[in-house]
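A structural walkthrough
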Amino acid sequence: MFEERHTPQRLAVDCRWLHRTLDSSVRDDPYRMICQHIVRDGANCVGPFLENIETECQLWEPNARMAARLAQIESGSG
Ligand code: SF4
């Protein structure tokens, strides 16, 4: 019988290169989403940071939490 598996979406918030921080010098929007990938080092993440909308970033890689989730799915226990 066919077992449906749901591959997690590639959300920017789950990217291993994302560094979330605060910039208190910007009062109305202090939240910063910085990309630490060598190609974009220090630039803003391309996002988007909207629920359930995947990033189109080709540099995206899963962070540790998402990598564990993907490994669970691949092993059949997720
Ligand atoms: S720009 Fe791409 S690689 Fe960088 S943090 Fe955002 S999704 Fe990840």
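Check the entry above for the structure.
What counts, and at which threshold
- Residues numbered from 1 in each chain as written.
- Predicted model: local features only at pLDDT ≥ 70, side-chain atom pairs only at ≥ 80, totals over all residues.
- Helix = DSSP H or I, 4+ residues; strand = E, 2+ residues; numbered from the N terminus.
- Expected span 1.5 Å × (residues − 1).
- Buried ≥ 20, exposed ≤ 12 C-beta atoms within 10 Å, placed from the backbone.

Let us look at helix H1 (residues 64-75). Taking 1.5 Å per residue as the helical rise, H1 with its 12 residues ought to reach 16 Å, and the 16 Å between its terminal C-alpha atoms agrees with that figure. Of all 12 residues in H1, zero are buried; the element is thus mostly exposed. Looking at the residues trailing H1, positive phi occurs at Gly 76, about 90°.

It is worth spelling out unusual backbone geometry at this point. With an omega of 5°, the peptide bond running from Gly 47 to Pro 48 counts as cis. By secondary structure assignment, the location of Pro 48 is in the loop between strand S2 (31-35) and H1. A positive phi angle, near 65°, is found at Asn 52, a position not held by glycine.

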